[in-house]
Amino acid sequence: MIRSLTTQARVILSGAAWGPTQWGKRSEGSAFAFHHHWRVPHGKSWPAIVALLLFFIPAVLPAQQHFNGAQAYEYARSFAAIGPRWPTGPGHVKAEQFIRDHFKHDQLEEDTFTANTAIGPVTLHNFIVRFPGKKDGVIVLGTHYETNYPLRNINFVGANDGAATTGLLMAIADQLRGKKLDGYSVWLVFFDGEEAFQHWSASDSTYGSRHLAAKWGGDGTLGRIKAFMLADMIGDKDLDIQRESRSTAWLVELVRQAAKKFGDERYFFQSEEAVDDDHLPFVQRGVPSIDVIDLDYGPNNSYHHTAQDTIDKVSAHSLAIDGDVFMETIRLINQR
């Protein structure tokens, strides 16, 4: 079908006369631009030519490039293969080293601090990776990477709850690396200590994000942040991202627009609820923030915080949807 259309197009267009002044190249590798007028070949009409071009051109244009969900999945698989990553455990040390090794050629900062946790003082590590942009300001993308301390004895590897979004941000880094970004700088933050050490509460949770928000509030960094986007538990094969009710409205709308561009509206914001998560310390300090989260994990949420949170429950397709939407939202933020 495409080949016959190509032949027909060449036949029709070959009858049209033009000289060097009628065609001009806009830029290297671009399509040609029309100038002046064509002489329409005998027996042909403009409507016929235009109709053919409108039908033919989309068939030969390259397909829209989607985010590399397979690569994000591979990063997530490797990270989950470390095993449980609870703070003070050996897997946590391996997870830290995994992040250091992965970003060793990037602008990586390690934010080490001691948290007064429900089990006593614990040394935790946030990791910040900076990709500079041309505009003055920062877009922050975040995730947590550790697993739940109270579940340390059940082989809880957190494939969706921590590993999937760690893999997602690593794959996003692949899109940002090696160039100065045209828009705002993009910083990736891998938070430690999101999970509770005993029982979830305002004081026993989100240790890494509370620490970093306070630190950046004190040194003026928060004022440079144009938007903060948190990714949490969105590698689920059955993707159903809720609208987090305390997230910034205009950021929610941009994410909605981004999903619509790719025809993925059905995966976003079909329900709404409030979620306590790593975005709240930033929301509370006036930073435009959104929690992109799917809290419905498995039948009746049966995989959440169980040993069933394994890599076979994670989907490269879901991660591709996430990546498309995150990258498009970054573009839309830069246009504001």
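Just above sits the structure.
Keep in mind that this is a model prediction, so the values were computed, not measured. (Residues numbered from 1 in each chain as written. Predicted model: local features only at pLDDT ≥ 70, side-chain atom pairs only at ≥ 80, totals over all residues. Heavy atoms only, no water.)

Throughout the structure, instances matching the rule amount to 13 aromatic pairs. Measuring from ring centre to ring centre gives 6.4 Å for Trp216 and Phe282, while their planes differ by 65°; the resulting arrangement is edge-to-face. One end of the pair, Trp216, is in helix H6 (residues 207-219); the other, Phe282, is in helix H8 (residues 280-283), and 66 residues separate them in sequence. Taking the relative accessible area as the measure of exposure, Phe282 reaches 0% and is therefore buried. (Phe/Tyr/Trp six-rings, centres within 6.5 Å; stacked < 30°, edge-to-face > 60°. Helix = DSSP H or I, 4+ residues; strand = E, 2+ residues; numbered from the N terminus. Buried < 20%, exposed > 50% of the residue type's maximum accessible area, 1.4 Å probe, protein only.)

Moving on to unusual backbone geometry. Phi is mostly negative for residues that are not glycine, and the peptide bonds are mostly trans. Located in the positive-phi region is Asn300, a residue other than glycine, with phi close to 55°. Its place among the elements puts Asn300 in the loop between strand E10 (289-293) and helix H9 (316-335). The exposed category is assigned to Asn300, whose relative accessible area is 79%. Phi at His305 is positive, roughly 55°, even though this residue is not glycine. Here His305 is to be found in the loop between E10 and H9. Owing to a relative accessible area of 26%, His305 belongs among the partly exposed residues under this scheme.

Turning next to the nonpolar core. In terms of nonpolar packing, the biggest core is built from 56 residues, with Leu141, Leu188, Phe190 and Phe268 touching the most fellow members. In terms of residue count, the dominant contributor to this core is helix H5 (residues 159-176) (10 residues). (Core = buried A, V, L, I, M, F, W, Y, C linked by side-chain atoms within 4.5 Å.)

Applying the stated criterion across every chain yields a total of 16 salt bridges. With a closest N to O distance of 2.6 Å, Glu109 and Arg130 form a salt bridge. With Glu109 in strand E3 (residues 107-117) and Arg130 in strand E4 (residues 120-131), this residue pair connects regions lying 21 residues apart in the sequence. The class for Glu109 is partly exposed, based on a relative accessible area of 25%. With a shortest N-O distance of 2.9 Å, Arg177 and Asp174 are connected by a salt bridge. Owing to a relative accessible area of 31%, Arg177 belongs among the partly exposed residues under this scheme. Given the relative accessible area of 30%, Asp174 is considered partly exposed. Via salt bridges that share partners, Glu109, Asp111, Arg130 and Lys215 belong to a single interconnected network. (Salt bridge = Lys/Arg side-chain N within 4 Å of Asp/Glu carboxyl O.)

Under the 1.5 Å per step criterion, the end-to-end length of helix H7 (residues 249-261) is 19 Å for 13 residues, consistent within 8% with the ideal 18 Å. Turning to H7, its buried residues are Leu251, Val252, Leu254, Val255, Ala258 and Ala259. In a view along the axis of H7, the buried residues occupy a sector of 160°, so they form one face of it. Away from its buried face by more than 90 degrees, H7 exposes Ala249 and Lys260. The positive-phi residue at the C-terminal boundary of H7 is Gly263, with phi of around 70°. (Expected span 1.5 Å × (residues − 1). Arc of directions from axis to C-beta.)

A few words now on helix H4 (residues 90-102). In this model, H4 (13 residues) spans 19 Å end to end at C-alpha, consistent with the 18 Å of a helix rising 1.5 Å per residue. Of all the residues in H4, the buried ones are Gly91, His92, Ala95, Glu96 and Ile99. On an axial view of H4, the arc spanned by its buried residues comes to 145°, and they lie on one face. Away from its buried face by more than 90 degrees, H4 exposes Pro90, Val93 and Lys94. Against helix H3 (69-80), E3, E4, H5 and strand E6 (181-191) lie the buried residues of H4. (Contact = heavy atoms within 4.5 Å.)

All right, on to the environment of Pro84 then. Note on placement: Pro84 falls in the loop between H3 and H4. Overall, the relative accessible area of 19% leaves Pro84 in the buried class. The sequence separation of Pro84 and Gly158 amounts to 74 residues, and the corresponding C-alpha distance is 7.2 Å. When near neighbours in sequence (up to four residues on either side) are disregarded, Pro84 contacts Gly91, His92, Thr147, Asn155, Phe156 and Val157.

On to the packing of H5 against H9, then. Running from N to C, H5 and H9 cross one another at 50°; their axes reach a closest spacing of 10 Å. One element, H5, and the other, H9, form an angle in the oblique class. Of the two elements, H5 crosses H9, and the hand of that crossing is right-handed. Along its contact with H5, which presents Ala164, Leu168, Ile172, Gln175 and Leu176, the element H9 presents Leu319, Asp322, Gly323, Phe326 and Met327. Of the residues contributing to the contact of H5 with H9, the split by class is seven nonpolar, two polar and one charged. (Axes fitted to C-alpha atoms, helices over the stretch in contact; angles between N-to-C directions. Parallel < 35°, antiparallel > 145°, perpendicular 65-115°, else oblique. Left-handed = near helix turned anticlockwise from the far one by under 90°. Nonpolar A, V, L, I, M, F, W, Y, C, P; charged D, E, K, R; others polar.)

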